[in-house]
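Descriptive analysis of the structure
Residue-level listing of the chains:
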Amino acid sequence: MMRVLIVEDEPKVLSFISQALESSGMTVDKVSAVSEVKLITKTLSFDVIVLDRLLHGEDSLEALSEIRRNNPLAKILVLSALSEVDEKVRGLTEGADDYLGKPFHVAELVARIRVLAKRSDSPAKTSQLSYADLLMDLNSQKVMRGNCKIDLTAKEFRLLSLLLRNPGRVYSRSDLLDQVWDLNHFPESNVVEVTVASLRSKVDKGFTPLIQSRRGAGYWLGEP
Ligand code: CA
C-alpha cells in the first residue's frame, strides 16, 4: 500500500486531495503546517510527500532538507500557485522530485504520485560506491572524501551517485537533466551547472579534482 503525506493549509484543498488519493487506494496522512511536517516525518516514513509551497505564510521549501533527512526515501512533490519557471527550477534545485502548479487536475496529481512512487533511485546491489579516495554509502547516504565527511543535498547526492556508478562515462547536460531531475522539458535551465559547481566545491576543493567536464560534451568522474 502506498503511503502518502499531504501537507496543505487550505482545508478544502486538503480534503479534496485526500479523498482522491484514498479512492485511488493510497493510505493518506494529513498535516497543514511546516512544523507538523517536520515532526511527523521524524516518526513515520512515506513513499510520497505532497508538499504545498506556502503554508500559513511560511515557505515550505525552507524545510525541504530537514524533511529529506527525516525521510530520505520519500519522493517529494511540491504543489504551488507559484508556477513560474524560475520558481519551478528553484524547487527542483532545492531537492523536490516534482513540482505541480496550481490549479491542477487531481487526476494529474494522482498519476504523478504513482510515477514518483515507482521511480527507484538505486536498487543497488552494492551499498557502497567509490573512486580514488571518494566513498559513498548508499544506505546511510554518507559521503567521504579522504577523511572528510561531505554533506550533500539530495540532488547533489543523486548526481554524484550517477557519476560514481560509471566512472569515465560522459553524461551530457540533457542526460543529467533527464536522469537526475527527470526534466527533459527544461533544456534552458542552468540547474545542472549550478549543482555541478556546488558539488565540486564540496567534493573536489582541496583535493585532486575528480568531477570533470568539457564544454559541449558533458560531465564525468575521473582523474584529470
Ligand atoms: Ca497554501
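The structure this text deals with has already been given above.
Attention here is on the structure that accompanies the text. This is a predicted model, so every value here is computed, not measured.

Now for helix 7 (residues 173-181). Here helix 7 has its buried residues at Leu176, Leu177, Val180 and Trp181. Buried residues along helix 7 cover an arc of 100° about the axis, so they all sit on one side. Packing partners of the buried residues in helix 7 comprise helix 4 (85-93), helix 6 (154-165), helix 8 (191-203) and strand 13 (218-221).

Okay, the coordination of the calcium ion next. Looking at the calcium ion, one finds its protein donor set to be Asp9 (OD), Asp52 (OD) and Leu54 (O), positioned 2.1 to 2.4 Å from the metal centre. Counting along the primary sequence, the residues that act as donors to the calcium ion give the motif D-x42-D-x1-L. Note that Asp9 is positioned in the loop between strand 1 (3-7) and helix 1 (11-23) and Leu54 in strand 4 (residues 54-55), a separation of 45 residues in sequence. Residue classification places Leu54 among the partly exposed positions, given a relative accessible area of 44%.

This paragraph deals with the sheet that holds strand 1. If you walk across this open sheet you meet the five strands as 2-1-3-6-7, and the pairing is parallel. Each having just a single partner strand, strand 2 (27-31) and strand 7 (98-101) make up the two edges of the open sheet. Averaged over neighbouring strand pairs, the angle between their axes works out to 20° when direction is ignored. Strand direction decides the pairing type here: strand 6 (residues 75-80) and strand 7, joined by four bridges, are parallel.

A general trend in soluble globular proteins is that nonpolar side chains are found buried together. Residues Leu160, Leu176 and Trp181 are the most contacted members of the largest nonpolar core, which totals 29 residues. Within the residue set of this core, elements represented by two or more residues are helix 4, strand 9 (134-137), helix 6, helix 7, helix 8 and strand 13. Residue contributions to this core peak at six residues, all from helix 6. With residues near it in sequence (within four places) discarded, Leu160 still touches Leu134, Met136, Val143, Leu152, Leu199, Val203, Ile211 and Leu221.

Their axes nearest at 10 Å, the elements helix 1 and helix 5 (residues 106-118) cross at an angle of 55°. Classified by the interaxial angle, the pair formed by helix 1 and helix 5 is oblique. In this structure, helix 1 crosses over helix 5, and the sense of that crossing is right-handed. Judged by residue contacts, Phe16, Ile17, Ala20 and Leu21 of helix 1 engage Val106, Leu109, Val110 and Ile113 from helix 5. Classifying every residue of the contact of helix 1 with helix 5 gives eight nonpolar, no polar and no charged.

Turning to the pairing of strand 8 (residues 128-131), a few remarks are in order. Relative to strand 9, strand 8 runs antiparallel, the two being bridged by four bridges. Paired with Tyr131 across the strands is Leu134, a residue of strand 9. Linking strand 8 back to strand 9 in an antiparallel pair, the connection comprises two residues, with Ala132 at a positive phi of about 50°.

Side chains of residues three or four places apart in an α-helix project in the same direction, reflecting 3.6 residues per turn. Helix length check: helix 1 (13 residues) gives 18 Å between terminal C-alpha atoms against 18 Å at 1.5 Å per residue, within 8%. Within helix 1, the full set of buried residues consists of Val13, Leu14, Ile17, Ser18, Ala20 and Leu21. Each buried residue of helix 1 lies within a common arc of 160° when the element is viewed along its axis, so the set occupies one face. Of the exposed residues in helix 1, the ones pointing more than 90 degrees away from its buried face are Pro11, Lys12, Gln19 and Ser23. Looking one or two residues beyond helix 1, the residue adopting positive phi is Gly25, at roughly 90°.

Each value, and the rule that gives it
- Residues numbered from 1 in each chain as written.
- Predicted model: local features only at pLDDT ≥ 70, side-chain atom pairs only at ≥ 80, totals over all residues.
- Heavy atoms only, no water.
- Buried < 20%, exposed > 50% of the residue type's maximum accessible area, 1.4 Å probe, protein only.
- Helix = DSSP H or I, 4+ residues; strand = E, 2+ residues; numbered from the N terminus.
- Arc of directions from axis to C-beta.
- Contact = heavy atoms within 4.5 Å.
- Donors = N, O, S within 2.8 Å, 3.2 Å for Na, K, Ca; no water.
- Pairing = 2+ DSSP bridges.
- Axes fitted to C-alpha atoms, helices over the stretch in contact; angles between N-to-C directions.
- Core = buried A, V, L, I, M, F, W, Y, C linked by side-chain atoms within 4.5 Å.
- Parallel < 35°, antiparallel > 145°, perpendicular 65-115°, else oblique.
- Left-handed = near helix turned anticlockwise from the far one by under 90°.
- Nonpolar A, V, L, I, M, F, W, Y, C, P; charged D, E, K, R; others polar.
- Expected span 1.5 Å × (residues − 1).

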